[in-house]
Amino acid sequence: MTSLDRARELLREFPVVDGHNDLPWALREQVHYDLAARDIAVRQDAHLHTDLPRLREGGVGAQYWSVYVRSDLPDPVPATLEQIDCVTRLIDRHPRDLRAALTAADMEAARSEGRIASLMGAEGGHSIANSLGVLRGLYALGVRYMTLTHNDNVDWADSATDEPKAGGLTAFGREVVREMNRLGMLVDLSHVAPTTMRDALDTSTAPVIFSHSSSRAVCDHPRNIPDDVLERLPANGGVAMVTFVPKFVLQAAVDWTAAADDNLRAHGFHHLDGTAEAMKVHQAFEEGHPRPVATVATVADHLDHMREVAGVDHLGIGGDYDGTAFTPEGLADVSGYPNLLAELLDRGWSRADLAKLTWQNAVRVLGAAEDVSRALRETSAPSHATLEALDG
């Protein structure tokens, strides 16, 4: 039996829990939420990384669907509700394949039924508009993690890719974490600055997650996790879910992206400019400087290092499919997870190790957050703190 055969056999018993998939935003951008126009019951290779046939091929048993909205929207709450509605309608449209999941027990029930447990994660604290009432509303609608920031700071937390402002978490930011603990909503530290990571770990009484982040020691990108933070996961009980985005996992891709951005700026364009004129400049750069390509081995290098630092009990997978334009060779879409497991088997990872990586760790961490919530709800009332009261 080949390593790939062994990987597929393992996934039939311990399927992948993926921490982050941006399909709902892709459906908004491509078809304005017309689910019939981009029917995921059939392969959508030309448009999406994700559909039901490829989820099945990839051995996915649970998916956190990101209910992401852009941080520059003037009113993010309605857009977040539209994203939640999209996930709900996907589940309703495909009941044989998808099952709504709110708890670790729901995830196990979906696995026993052969359906894909469908959970939701809000990507960015801007989605709550500085309101703990909105946070509770998202939880009531099924959101089970919130990433504290996206690419931009929020009023109460610093992002990894913005200029530091709060110095980590403010007093209100720490109150957000405490209220998430009380609710049973996982605190997601992908996208946040290391100072925010450390403050959240100091504050949270429940395990945290990184829904889609890799190792900064292996690839020096601010979106990745420093070793001193990984070292804290065993005491916290949390899980770091490795991502596949090439510019986060391959140092050559990080350096190439920086050079491409510098080239745009040198020609008078913002590095995020998507106009035809800017794209012409970028395409000329890419023709002369081919884009570096990450591989399955690149991602496995991160997992090897993260296992050494944090331990195998604290690792998971968060591919970020449909949230990235580029993917590694062998991990082109959601059908690729067996290739990663085969690579890890070839590196000496055991079946027990891989069962933790794919299924057991992610289910355990949600269950642990539920346990903390039950205890806190007996002693703590919902917080009515405000940004203004705590942060002036």
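So, here is what we can say about the structure in this document. Just so you know, these numbers come straight off a predicted model, no measurement behind them.

Thresholds applied
- Residues numbered from 1 in each chain as written.
- Predicted model: local features only at pLDDT ≥ 70, side-chain atom pairs only at ≥ 80, totals over all residues.
- Heavy atoms only, no water.
- Helix = DSSP H or I, 4+ residues; strand = E, 2+ residues; numbered from the N terminus.
- Rg over C-alpha atoms; globule rule 2.2 N^0.38 Å.
- Buried < 20%, exposed > 50% of the residue type's maximum accessible area, 1.4 Å probe, protein only.
- Contact = heavy atoms within 4.5 Å.
- Axes fitted to C-alpha atoms, helices over the stretch in contact; angles between N-to-C directions.
- Parallel < 35°, antiparallel > 145°, perpendicular 65-115°, else oblique.
- Left-handed = near helix turned anticlockwise from the far one by under 90°.
- 1 Å grid on protein atoms, 1.4 Å probe; cavity = no way out; pocket = protein on both sides within 12 Å on 5 of 7 lines; lining within 4 Å.
- Points joined across faces, edges and corners; volume = space filled by probe spheres on them.
- Nonpolar A, V, L, I, M, F, W, Y, C, P; charged D, E, K, R; others polar.
- Expected span 1.5 Å × (residues − 1).
- Lys, Arg positive; Asp, Glu negative; His and termini not counted.
- Salt bridge = Lys/Arg side-chain N within 4 Å of Asp/Glu carboxyl O.
- Polar contact = N/O pair within 3.5 Å; in protein donor to acceptor, adjacent residues only side chain to side chain.
- Core = buried A, V, L, I, M, F, W, Y, C linked by side-chain atoms within 4.5 Å.

Looking only at helices and strands, the chain features 17 helices and nine strands. Over its C-alpha atoms the chain spans a radius of gyration of 20 Å, differing by no more than 12% from the 21 Å that the globule rule assigns to 392 residues. Dimensions along the principal axes, computed over C-alpha positions, put the chain at roughly 60 × 55 × 45 Å. Counting all 392 residues of the chain, 57% fall into the buried class. When contacts within the chain are restricted to residue pairs at least 6 apart in sequence, long-range pairs at least 24 apart make up 72% of them.

Turning to the packing of helix 6 (residues 132-140) against helix 7 (residues 171-183), a few remarks are in order. Relative placement of two packed helices is described by the angle separating their axes and the distance separating the axes. Running from N to C, helix 6 and helix 7 cross one another at 30 degrees; their axes reach a closest spacing of 11 Å. Judged on the interaxial angle alone, helix 7 and helix 6 are roughly parallel. Here helix 6 runs over helix 7; the crossing is right-handed. Here L132, L135, R136 and Y139 of helix 6 come into contact with helix 7, specifically with F172, E175, V176, E179, M180, R182 and L183.

The next point concerns the layout of surface pockets. Estimates place the volume of the largest pocket at around 1900 Å³. The wall of the largest pocket is formed by 44 residues, among which N151, K247, H271, L272 and G323 lie closest to the centre. Looking at the lining of the largest pocket, the elements that each hand over two or more residues are helix 2 (23-31), helix 11 (246-249), helix 12 (251-266) and helix 13 (276-288). The leading source of residues in the lining of the largest pocket is helix 12, at eight residues. Looking at side-chain class alone, the lining of the largest pocket contains 16 nonpolar, 14 polar and 14 charged residues. In this structure, the second largest pocket occupies an estimated 170 Å³ of space. L11, R12, P15, L55, R56, G59, V60, G61, A110, R111, G114 and R115 are the residues that line the second largest pocket.

What follows covers helix 12. In a regular helix each residue adds 1.5 Å, so 16 residues correspond to 22 Å; helix 12 covers 23 Å between its end C-alpha atoms and thus fits that length. Of the residues making up helix 12, those classed as buried are A253, V254, W256, T257, A260, D261, N263 and L264. On its buried face, helix 12 sits against helix 11 and helix 13. At the exit of helix 12 stands G268, carrying a positive phi of roughly 90 degrees.

Position of R38 relative to the elements: it lies in the loop between helix 2 and helix 3 (52-58). No salt bridge is formed by the buried R38; its nearest oppositely charged neighbour, D322, is found at 8.6 Å. One polar contact links R38 to Q30, side chain to side chain, over a distance of 2.9 Å. The residues contacting R38, other than those within four sequence positions of it, are L27, Q30, V31, Q44, H47 and L48.

We now examine the packing of helix 15 (residues 337-346) against helix 16 (residues 351-379). Where helix 15 contacts helix 16, the two axes come as close as 10 Å, and the packing angle between them is 155 degrees. With respect to each other, helix 15 and helix 16 are oriented roughly antiparallel. The way helix 15 lies across helix 16 gives a crossing that is right-handed. Between helix 15, through L341, L344 and L345, and helix 16, the contact on the second element is made entirely by L354, L357 and T358. For the contact of helix 15 with helix 16, the residue count by class is five nonpolar, one polar and no charged.

The biggest cluster of nonpolar side chains holds 104 residues, and the ones touching the most others in it are M107, M146, L148, W156, L189, F244 and L340. In terms of residues, this core owes the most to one element, helix 16, which gives nine residues. When sequence neighbours within four positions are dropped, the list of residues in contact with F244 reads V249, V299, I317, G318, G319, Y321, P328, L331, Y337 and L340.

Attention shifts here to the pattern of salt bridges. Overall, the coordinates contain 30 salt bridges when judged by the stated rule. The shortest N-O distance in the salt bridge between D51 and R54 comes to 2.6 Å. Considered together, D51 and R54 belong to a single accessibility category, that of buried residues. With a shortest N-O distance of 3.3 Å, R291 and E286 are connected by a salt bridge. The partly exposed category is assigned to R291, whose relative accessible area is 24%. Residue class for E286 comes out partly exposed when judged on its relative accessible area of 26%.

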